[in-house]
Amino acid sequence: MAAALYDPAEGYYGRPAGQVGKAGDFITSVSVGPLFGRLLARHIASWHQQAGSPERWRIIETGANDSSLAGDIISTLERLSADAGLEYAIIEPLPRLAQDQRKRLPGVAIVESAEAFAGDPLPSFVFGNEVIDALPFHVIESDGIAWIEQGVTVDDAGAFAWHPLGPAAAEVVGNLPVMPAGYRTEIRCGVRDFLRPLAAAMAGGRMLWIDYGFPQDDYYHEARTTGTLRTFSRHRAGEDPLDSPGEIDITAHVDFTALARDLDATGGQVVRFEPQGSFLTRVASPWLLEMEGRTDDTTKKELRAFQTLTHPGHLGSRFHVMEAAF
Ligand SMILES: C[S@@+](CC[C@H](N)C(=O)[O-])C[C@H]1O[C@@H](n2cnc3c(N)ncnc32)[C@H](O)[C@@H]1O
């Protein structure tokens with residue numbers, strides 16, 4: 001999965017941006033328009049104020065992709081005069097995406113890893129939209145007693161073979177209930193390694209992750225017998241990750257109980273876990289007051305975007321927000 005998505009030359013995200021959006025393979029809250037970034041900017045500004053408005057501070061975005069979310073957040077903070085002392089940074093391991101981002105956002109620090117900030121930690125707001133679901137995961141299956149994992153055979157590249165669990169998977173599986181034979185699901189083993197350098201770049205602050213997923217009881221529910229792995233290509237969902245590797249997205253839902261454990265292990269304390277709808281509605285309340293009574297087309301369009309982001313039938317309950325204090 002790591003190679004299929006992130007090989008710098010052949011991986012799905014290794015090519016220039018274009019995967020996300022109506023003209024790409026799937027949409028995210030960012031594709032709904034600039035409102036998502038504007039509301040996140042208000043949330044970040046209120047954290048910065050609560051933190052005593054540190055003179056130098058940093059926003060670290062992961063998974064910035066075409067950088068439109070970064071652009072929306074920066075311009076909103078400027079408009080709210082909440083950008084004093086801000087250093088905006090993007091963590092982008094993929095050279096082609098980084099090249100595009102540098103062109104679009106010349107004032108932003110674009111670095112391969114958060115280790116670049118280890119010698120200069122700052123009060124920081126670290127975040128990512130739909131990044132955790134894109135981190136590689138293992139597909140595992142119960143034989144009724146133990147778990148085995150799916151792998152790609154070396155000599156028969158077109159077929160999956162089942163293997164005994166590797167050590168990383170064995171440790172994570174220790175947290176799962178025993179399931180009936182044939183029960184298939186996913187686990188993510190690399191989240192702590194992903195979070196650790198981000199946490200090391202922070203001199204206190206917040207981390208916020210928005211994604212689709214469930215707490216453990218719901219994720220590993222008896223009825224969810226085939227897991228949540230999906231592929232996406234041109235807005236069509238599939239279930240075979242070996243169908244055109246490098247040309248399709250591969251994803252699985254986030255186990256938020258595991259994410260909370262991983263945040264805890266890297267020094268964070270979860271202070272928020274709620275649906276995107278209720279989170280954005282609270283953040284938006286001053287903005288909604290500003291909009292009251294306006295009937296122009298721009299306002300109507302923005303209110304439609306707000307509905308899409310927050311209504312339970314749209315994106316409001318599909319996505320959850322987990323925020324941790326560091
Ligand atoms: C599903 S896309 C989401 C893009 C964007 N945040 C949005 O909401 O439209 C996932 C993004 O996460 C990025 N990503 C995955 N692993 C990463 C990592 N370890 N560090 C930084 N970015 C990563 C991918 O390159 C991709 O751009």
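Because the structure is a prediction, the values reported are computed rather than measured. (Residues numbered from 1 in each chain as written. Predicted model: local features only at pLDDT ≥ 70, side-chain atom pairs only at ≥ 80, totals over all residues. Heavy atoms only, no water.)

(A) Quick peek at the layout of surface pockets. Space inside the largest pocket adds up to approximately 890 Å³. Looking at the largest pocket, it is lined by 42 residues, and the ones nearest its centre are Tyr-6, Thr-62, Gly-63, Val-131 and Ala-134. Counting residues per element, the ones that place at least two in the lining of the largest pocket are helix H1 (2-6), strand E1 (57-62), helix H3 (68-79), helix H6 (191-200) and strand E12 (249-251). The element that contributes the greatest number of residues to the lining of the largest pocket is H6, accounting for five residues. Along the lines of polarity and charge, the residues of the lining of the largest pocket split into 23 nonpolar, 12 polar and seven charged. (1 Å grid on protein atoms, 1.4 Å probe; cavity = no way out; pocket = protein on both sides within 12 Å on 5 of 7 lines; lining within 4 Å. Points joined across faces, edges and corners; volume = space filled by probe spheres on them. Helix = DSSP H or I, 4+ residues; strand = E, 2+ residues; numbered from the N terminus. Nonpolar A, V, L, I, M, F, W, Y, C, P; charged D, E, K, R; others polar.)

(B) Local environment of the sheet that holds strand E10 (residues 230-233). Ordered in space as E11-E10-E12, the three strands form an open sheet in which the pairing is antiparallel. The sheet is open, and its two borders are formed by strand E11 (236-238) and E12, each paired with just one other strand. Looking at each pair of strands side by side, their axes are set apart by 30° on average, direction ignored. For E10 and E12, the ladder comprises three bridges, and the chain directions are antiparallel. Within the sheet, the bridge partner assigned to Thr-231 lies in E12 and is Ile-250. (Pairing = 2+ DSSP bridges. Axes fitted to C-alpha atoms, helices over the stretch in contact; angles between N-to-C directions.)

(C) Examining the site of the ligand more closely. Not every one of the 18 residues close to the ligand is listed here, only the nearest: Tyr-6, Thr-28, Gly-63, Asn-65 and Asn-129. Here an oxygen atom of the ligand and a side-chain polar atom of Thr-28 are 2.7 Å apart. Taken by itself the ligand offers 600 Å² of open surface, and the protein chains cover 92% of this. Judged by the fraction of its atoms near the pocket grid, the ligand is located in the largest pocket. Partitioned by chemical class, the residues of the shell around the ligand number 13 nonpolar, four polar and one charged. (Near = heavy atom within 4 Å. Polar contact = N/O pair within 3.5 Å; in protein donor to acceptor, adjacent residues only side chain to side chain. Areas by Shrake-Rupley, 256 points an atom, 1.4 Å probe, with all protein chains shown as cover. Sits in = over half its atoms within 2 Å of the grid points.)

(D) Looking closely at the nonpolar core. The biggest cluster of nonpolar side chains holds 42 residues, and the ones touching the most others in it are Leu-40, Ile-59, Ile-73, Leu-77, Tyr-88 and Phe-127. Examining the composition of this core, we find that eight residues originate from one element, helix H2 (residues 35-50), more than from any other. Not counting residues up to four positions away in its chain, the partners in contact with Tyr-88 are Ile-59, Glu-61, Ala-70, Ile-73, Ile-74, Val-108, Ala-109 and Phe-127. Of all hydrophobic cores here, the second largest spans 24 residues; its members include Ile-91, Ala-114, Val-131 and Leu-263. (Core = buried A, V, L, I, M, F, W, Y, C linked by side-chain atoms within 4.5 Å. Buried < 20%, exposed > 50% of the residue type's maximum accessible area, 1.4 Å probe, protein only. Contact = heavy atoms within 4.5 Å.)

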